[in-house]
Amino acid sequence: MLLRATPPHTFTHTLHATSDPQPLRVWICSQRARSVKMPSFSWLLALYLAALTGNTDGAVARESTERNCSLTPPYLPSTAVNTSLQLEELRVQMRAMNISAYIIPATDAHLSEYIAPRDARLAFMTGFTGSAGTAVVTLNKAALWTDSRYWVQAERQMDCNWELEKDVSISSVAEWLISEVPKGDEIGFDPFLFSLKTQGDYNINLESTDRSLKSITENLVDKVWKERPSVPPDSLTRLPDRVIQRTWQEKVEHIRTQMGDNPYKPTGLLLSALDETAWLFNMRGNDIPYNPFFYSYTLLTMDEIWLFLHVERVTEELKMYLNASCEGALCVQLKGYDTILDHLKNYVTRPGVKVWIGTEYTNYALYEVITPQDKLLTSSYSPVLTTKAVKDETEQQILRDAHVRDAVAVIQFLMWLEKTVPEGNATELTAAEYVDKCRSKQKDSRGPSFATISASGPNAALAHYSPTKETNRRLTVDEMYLVDSGGQYLDGTTDITRTVHWGKPTEMQKEAFTRVLMGNIEISRTIFPSGTRGVNMEMLGRRALWEVGLNYGHGTGHGVGNYFGVHEWPVGFQSNNIGFRAGMFTSIEPGYYKENDFGIRIEDVAVVVPVQTKYGNNYLTFDTVSLVPYDRKLIDMSLLSSEQLHWLNKYYETIRSLVGAELDNQGLREEKDWMLRNTEPFAEIGSSASVSSSSLTLIALAVAMLHNIV
């Protein structure tokens, strides 16, 4: 799944706007609509071209359903949400707390990528359902900050109580607060929803302005959200033994060893990210969409384990599994989820204690009670996250196995598209539904790992696009199609993107696709010292594009879990990811997007493996575990080097061997024939690539050495 080049708490999600076409006249006169990136002439031209191609579904609706607050009375589409009541009630709470403004982030207490419906406070207050944003309410105004992906969506979903600020920076929010909040007044926030960095950035921007933040641990939005969804009643589960190599007791002892080896001698470790506790105890839940997590915290000491969760969801069998009836060093003491703050306060009053936290996922509410500072030890990531990043032998094998079965599902999907698209019966939405259906038939399927990105033609040029009823396009043989999808399986999480064309692609499309493929291959086949950080290799994915003046504006890859999150930190190619070690899994996903025309992304998951070199030891490379062939008609072989062609042919040999055997096992003869046709070897005849692969590798390693990455 696409990951933007941003901090770990701002990710892409599905848009949920609905359709409500309005007269074109309304769109033209809308002052707000004129701020959309596409100018009116270009939009009219796009509409004309859409009419020529017969793909006009939603064309007018996309430009005529935005609010117009400059009219009297204001024009609001039916998709806009009336927020007057919740704003009025929130302001009552604000006055009671003696604050002049209240900040509402789009996250939960664990700073999660995906949030549960009960944590969608931003959506409840604003009507806006995009994944990225910050709202601020004062006693007489309200404003939303979000990025360009969601500007149009916000104009459709918000009423005229809200201003739209087209920025996402904390400095922009702070500037607005300074202009709206009188000097000497306080600005309220829920510290459970602020990371340490977020709180610090607001403080820096406000500290010299005679305006200050006020931490309020009881969320004010929750107090006025009368129909807030409850915690799911589902019982929590443990993983079966067949997918586990390390018991939870072994994991606990390993983490305690790291605590003991730490020179600062922490006595306790606080785990706040939901995947930390789930991994430590080999447990799963169903609280967060697409992620098998459950609301929880853990406080681990050298001789005690406290697990904070909704105790009523723990079965008697699970209590026995956790040794919850005793009080020894390997006995888990179950505590109520909401008691974490008080328990942590009590713990830090003990003499000689020091609490270790990972700052990337610990909220400010927990951080601020660990006082004085000599009782605090910080690192960017906890030892649980860095340990979890390296899969053990069982995890590696079962994650490979999950990708083989996932490849079968994707091959079935691509076969179906080849048959259905020429008939004119497939759309972006039906395709997204069908790929989920294919995965659901595979062994150990647990649903999708994220909302499928199914994008045709110009929609695919929007890197973060996901289809809605309003934007849905019919798939045709004349346009490129991009599908980014993944599955959750009991033994692994998958994420794969393929871009295809069922007709005759243009030369530009073929060149762009081939150069994206070259970037994928160059990262996949590079050899590097253990500990090399992804950010120092990331340019390999872009170099072939850079050679002709092309680029892409998102991250090049992210970690992937074992029946966990599809974006698993801290692995990947961004500046705040840790160095690669053998056993880590990452996506590799370069792309290219031509505005209003087409989009290309090629994404595979790969595992980091040791490699033998002529002289050096402790070197690594990637072994691709996503096993679906690329669209042959989009590959310009004249651009590929001999090394790249050789890699591609070896990759296709692996697909034939592993996926072929699974197709035989499932009795899928037609699918195997399709796979064999699409993995025919390419002729390895010389090279006309503009830059040699060896040069690329040398450049990357030189940059890495300069950054002291080993």
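Preceding this paragraph is the structure being described.
Report on the accompanying structure. (Residues numbered from 1 in each chain as written. Predicted model: local features only at pLDDT ≥ 70, side-chain atom pairs only at ≥ 80, totals over all residues. Heavy atoms only, no water.)

One covalent bond between the sulfur atoms of two cysteine residues makes up a disulfide. With the rule as written, the count across this model stands at two disulfides. Linked covalently through their sulfurs, cysteine 69 and cysteine 160 form a disulfide whose S-S length is 2.0 Å. As the torsion about the S-S bond is roughly -95 degrees, the cysteine 69-cysteine 160 disulfide counts as left-handed. On the criterion of sequence distance, the pair formed by cysteine 69 in the loop between α3 (61–64) and α4 (84–97) and cysteine 160 in the loop between α6 (151–157) and β4 (163–165) is long-range, its members being 91 residues apart. Residue class for cysteine 69 comes out partly exposed when judged on its relative accessible area of 25%. What pairs with cysteine 326 in a disulfide is cysteine 331, and their sulfur atoms sit 1.8 Å apart. What sets the handedness of the cysteine 326 and cysteine 331 disulfide is the S-S torsion sign, and at about -100 degrees it is left-handed. Going through the protein chain in sequence order and numbering each bonded cysteine, the pairs you get are 1-2, 3-4. (Disulfide = S-S within 2.5 Å. Helix = DSSP H or I, 4+ residues; strand = E, 2+ residues; numbered from the N terminus. Buried < 20%, exposed > 50% of the residue type's maximum accessible area, 1.4 Å probe, protein only.)

Summed over all chains, the structure comprises 40 salt bridges. Linking glutamate 163 and lysine 141 is a salt bridge whose minimum nitrogen-to-oxygen distance equals 3.9 Å. Of the two residues, glutamate 163 is situated in strand β4 and lysine 141 in the loop between β2 (134–138) and β3 (142–145); the sequence distance between them amounts to 22 residues. On the accessibility criterion, lysine 141 (31% relative accessible area) is partly exposed. (Salt bridge = Lys/Arg side-chain N within 4 Å of Asp/Glu carboxyl O.)

Further remarks concern the packing of helix α18 (residues 507–525) against helix α20 (residues 642–665). Relative to each other, α18 and α20 sit at 80 degrees, their axes nearing to 10 Å. Judged by the angle between their axes, α18 and α20 are roughly perpendicular. The segment α18 lies against α20, with Met518, Ile521, Glu522, Ser524 and Arg525 engaging Glu643, Gln644 and Trp647. In terms of residue class, the contact of α18 with α20 is built from three nonpolar, two polar and three charged. (Axes fitted to C-alpha atoms, helices over the stretch in contact; angles between N-to-C directions. Parallel < 35°, antiparallel > 145°, perpendicular 65-115°, else oblique. Contact = heavy atoms within 4.5 Å. Nonpolar A, V, L, I, M, F, W, Y, C, P; charged D, E, K, R; others polar.)

This next bit is on the environment of methionine 158. Mapped onto the elements, methionine 158 comes out in the loop between α6 and β4. Residues methionine 158 and valine 81 lie 77 residues apart in sequence; the distance between their C-alpha atoms is 5.8 Å.

As paired elements, strand β5 (residues 186–189) and strand β6 (residues 212–215) share four bridges and run parallel to each other. Within the sheet, the bridge partner assigned to isoleucine 187 lies in β6 and is leucine 213. (Pairing = 2+ DSSP bridges.)

Turning next to the sheet that holds strand β20 (residues 496–501). Strand order across the open sheet formed by three strands is β16-β17-β20, with antiparallel pairing between neighbours. Two strands in the sheet have a free side with no partner beyond their single neighbour: β16 (453–456) and β20. For this sheet, the mean inter-axis angle between neighbouring strands, taken without regard to orientation, is 10 degrees. Across six bridges, the pairing between strand β17 (residues 480–485) and β20 is antiparallel. The partner of valine 483 across the bridge, within β20, is arginine 498. Strands β16, β17 and β20 of the sheet are contacted by helix α17 (residues 428–440), whose axis makes an angle of about 140 degrees with β16.

Per the counting criterion, the structure on display carries five cavities of 30 Å³ or more. In terms of lining residues, the second largest cavity is bounded by 18 residues, among which Leu239, Val243, Arg284, Glu395 and Asn562 are the most central. Its residues assigned to classes, the lining of the second largest cavity shows eight nonpolar, three polar and seven charged. (1 Å grid on protein atoms, 1.4 Å probe; cavity = no way out; pocket = protein on both sides within 12 Å on 5 of 7 lines; lining within 4 Å. Points joined across faces, edges and corners; volume = space filled by probe spheres on them.)

Read from one edge to the other, the open sheet built from six strands follows the order β4-β3-β2-β1-β5-β6, with strand pairing classed as mixed. Bordering the open sheet on either side are β4 and β6, each of which pairs with just one other strand. Within this sheet the neighbouring strands show an average axis-to-axis angle of 25 degrees, counted without direction. As judged from the two bridges shared by strand β1 (residues 101–105) and β5, these two strands associate in the parallel manner. Bridged to tyrosine 102 within β5 is glycine 188. In the packing of helix α8 (residues 196–206) onto the sheet, contacts are made with β1, β2, β5 and β6, and the angle to β6 comes to roughly 145 degrees.

Another point: the packing of aromatic side chains. Under the defined criterion, the tally for this structure stands at 27 aromatic pairs. Taking 4.8 Å as the distance between ring centres and 15 degrees as the angle between the ring planes, the aromatic pair formed by phenylalanine 124 and tryptophan 225 counts as stacked. With phenylalanine 124 in helix α5 (residues 121–126) and tryptophan 225 in the loop between α9 (220–224) and β7 (237–238), this residue pair connects regions lying 101 residues apart in the sequence. We classify tryptophan 225 as buried; its relative accessible area is 11%. One aromatic cluster is present, formed by Phe189, Phe194, Tyr202, Tyr364 and Tyr367 through successive ring pairs. Across from the ring centre of phenylalanine 564, 3.8 Å away, lies the NZ or CZ of arginine 284, which sits over that ring. Its end group placed over the ring of tyrosine 552, arginine 542 keeps NZ or CZ at 3.8 Å from the ring centre. (Phe/Tyr/Trp six-rings, centres within 6.5 Å; stacked < 30°, edge-to-face > 60°. Lys NZ or Arg CZ within 6 Å of the ring centre and 35° of its normal.)

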